[in-house]
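Inside the fold
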Amino acid sequence: MLAFQKTDAAYGLARMEAAAPVVAAGDDILIAVEAVGICGSDVHAYEWTDGYQFLATHLPRTLGHEVSGRVVDTGKDVVGFAPGDRVVVAPVVVCGHCSACRIGQPQFCANRSIVGFHRDGAFAERVVVPAANCFRLPDGVDAELGALIEPLCVAGNAVDVAAVQWGDRVIVMGAGPIGVGIAWLARRAGATSVLLIGKDDGARLAAARRLGLERTLDLDEDGDANVTALLGGEADIVFEATGVPESIEAGLGWLRPGGVLVATGIHARPVQFDLTRFVRLKQQLRAAYDSSPATFARMLSILAENGEALRAMITHRLPLAATLEGFEIAASRQALKVMLLADSDRAVTP
Ligand SMILES: [Zn+2]
Ligand SMILES: [Zn+2]
């Protein structure tokens, strides 16, 4: 089958004819990929930027974790799924027996592995995942909308970590899919004023405005002098979704005393900020990373009700065979979300 693999600890991705995976464990589900999104983390792995060196010991590896598709085969212990079912995949696989898993906090599993990084992912025609990671797609949510669920869950988890409340003023730094998802969900959580800030991000901010996020600012064009004026005051909550270390100190500067900054970016360098000012203002710094099965269940209902509004996040659609082209588009910052769609006419050769 066609698969796009990271083969070397260097820039790029290889187009391969790989053996199609098969159901091996009793709880495995074999999925025919219908739609798979390119994530910022995939682009980092593609470009081989700092922060992804852990992958070096997992090569060769098929990337891809924002996937929806159709069940083809199930292991003997799988209940509740059958061939033909339309599913989305939660990419974090947990062990179920470590102390965190046993107390119902799988997001802190000591033995977690991620589909598309630690195990083969979905830039391919077929992918195998545990049944526990599959969620049935509601009717009316098609494959490409389904493949948006993973980044939306990462965004939704960040909104939960921040504990956004109605009436809040919120700044979101970073105009990629996570930042845009956070801004959209913060509005739904009741924030009255949400300002989305990008940097040299004209195309992505324009896409965000098509999602109804009308307050946007491009630091390269507009500078940062008017941030609090545009917001209507200091921020109650700032989200950092840039991966640029300097954005932490900038964000703390716009945050009110006692406000919360939630960092979600993967930073290739350490962060410096004025800790004394931070302490005197009694600000809070929190981290949000990935999400939980509960977030997936909640996000399915958001997608079922608001799918057409969220479809505007998908700015580029390409066939799976054009994955490498898709990566170049994603790396160019011109896209909000690049979605790869299976070519239904292509026969799968095992
Ligand atoms: Zn992702
Ligand atoms: Zn565990």
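Residues numbered from 1 in each chain as written. Chains lettered and ligands numbered in written order. Predicted model: local features only at pLDDT ≥ 70, side-chain atom pairs only at ≥ 80, totals over all residues. Heavy atoms only, no water.

Our focus in this paragraph is the packing of aromatic side chains. What the rule picks out here adds up to six aromatic pairs. Aromatic pair phenylalanine 135 and phenylalanine 296: ring centres 5.4 Å apart, planes at 20°, arrangement stacked. Separated by 161 residues along the polypeptide, phenylalanine 135 in strand 10 (residues 134–136) and phenylalanine 296 in helix 11 (residues 293–310) bring together distant segments of the chain. Judged by its relative accessible area of 16%, phenylalanine 135 falls in the buried class. Among the aromatic residues, ring-to-ring pairing joins Tyr11, Tyr46, Phe123 and Phe327 into one connected group. (Phe/Tyr/Trp six-rings, centres within 6.5 Å; stacked < 30°, edge-to-face > 60°. Helix = DSSP H or I, 4+ residues; strand = E, 2+ residues; numbered from the N terminus. Buried < 20%, exposed > 50% of the residue type's maximum accessible area, 1.4 Å probe, protein only.)

Here we take up the coordination of the zinc ion (ligand 2). Cys95 (SG), Cys98 (SG), Cys101 (SG) and Cys109 (SG) make up the full set of protein donors to the zinc ion (ligand 2), lying at 2.3 to 2.4 Å. Counting residues between consecutive donors of the zinc ion (ligand 2) along the chain gives the motif C-x2-C-x2-C-x7-C. Take cysteine 98 and cysteine 101: they sit in the same class, and that class is buried. (Donors = N, O, S within 2.8 Å, 3.2 Å for Na, K, Ca; no water.)

Attention now moves to the sheet that holds strand 16 (residues 284–287). In spatial order, the strands read 13-12-11-14-15-16; together these six strands make up an open sheet with parallel pairing. Each having just a single partner strand, strand 13 (216–218) and strand 16 make up the two edges of the open sheet. If you compare each strand with its neighbour and ignore which way they point, the axes differ by 20° on average. Relative to strand 12 (residues 193–198), strand 11 (residues 169–173) is paired through five bridges, and the arrangement is parallel. Across the sheet, valine 170 pairs through a bridge with valine 194, a residue of strand 12. (Pairing = 2+ DSSP bridges. Axes fitted to C-alpha atoms, helices over the stretch in contact; angles between N-to-C directions.)

Turning our eyes to something else, we now look at the side chain of aspartate 218. Looking at the element boundaries, aspartate 218 is found in strand 13. Comment: no salt bridge for buried aspartate 218; closest opposite-charge side chain is lysine 199, at 7.1 Å. Polar side-chain contacts of aspartate 218 include one of 2.8 Å to the backbone nitrogen of aspartate 200. When near neighbours in sequence (up to four residues on either side) are disregarded, aspartate 218 contacts Gly198, Lys199, Asp200, Asp201, Gly202, Leu205 and Gly223. (Lys, Arg positive; Asp, Glu negative; His and termini not counted. Salt bridge = Lys/Arg side-chain N within 4 Å of Asp/Glu carboxyl O. Polar contact = N/O pair within 3.5 Å; in protein donor to acceptor, adjacent residues only side chain to side chain. Contact = heavy atoms within 4.5 Å.)

Summarising the model, the chain shows a mean pLDDT of 93, and 98% of its residues fall at 70 or more. Per-residue pLDDT stays below 50 along residues 346–350; that stretch engages in eleven contacts with residues further than four places along the chain or on separate chains. (pLDDT = per-residue confidence, 0-100.)

Attention now goes to the UniProt feature "domain: Enoyl reductase (ER)" (unreviewed entry) in the chain. Those residues carrying the UniProt feature "domain: Enoyl reductase (ER)" (unreviewed entry) are residues 12–340 in this numbering. Here residues 12–340 is 31% helix and 26% strand, with 17 Å between the C-alpha atoms at its ends. (UniProt positions renumbered as here; feature names shortened; annotations may be inferred.)

What follows covers the environment of alanine 32. For alanine 32, the position within the fold is in strand 3 (residues 28–37). By relative accessible area, alanine 32 is classed as buried at 15%. As for alanine 32 and arginine 70, which are separated by 38 residues in sequence, their C-alpha atoms are 5.2 Å apart. Not counting residues up to four positions away in its chain, the partners in contact with alanine 32 are Gly69, Arg70, Val72, Glu125 and Arg126.

This part covers the coordination of the zinc ion (ligand 1). Donor atoms from the polypeptide that bind the zinc ion (ligand 1) are Cys39 (SG), His65 (NE2), Glu66 (OE) and Glu150 (OE), placed at 2.2 to 2.5 Å. Viewed at the metal, the four donor atoms of the zinc ion (ligand 1) are separated by angles of 87 to 163°, and the geometry they form is irregular. Each donor residue of the zinc ion (ligand 1) lies on one chain, and together they are spaced C-x25-H-E-x83-E. Each member of the pair, histidine 65 as well as glutamate 66, is classed as buried. (Tetrahedral: all angles 85-135°; square planar, octahedral: opposite > 155°, others 65-115°.)

Attention now moves to the domain arrangement of the chain. By a frequent convention, interface size equals the accessible area lost on bringing the separate parts together. Splitting the chain by domain gives domain 1 (2–151 + 291–341) and domain 2 (155–287). Just the C-alpha atoms count here: the centres of domain 1 and domain 2 sit 27 Å apart. Residue-level contacts link 19 residues of domain 1 with 24 residues of domain 2. Carbon and sulfur atoms supply 63% of the area buried between domain 1 and domain 2, which totals about 1,700 Å² over both sides. The largest contributions to the domain 1 side of the interface with domain 2 come from Pro151, Arg333 and Leu336, which together make up 33% of the buried area. Applying the counting criterion to the domain 1 and domain 2 interface returns two salt bridges. The closest approach of N and O atoms between arginine 298 and aspartate 160, which form a salt bridge, is 2.8 Å. Where domain 1 touches domain 2, the interface holds five residue pairs in polar contact (both at pLDDT 80 or more). (Domains from an automatic or database assignment. Buried area = accessible area lost by both parts, 1.4 Å probe.)

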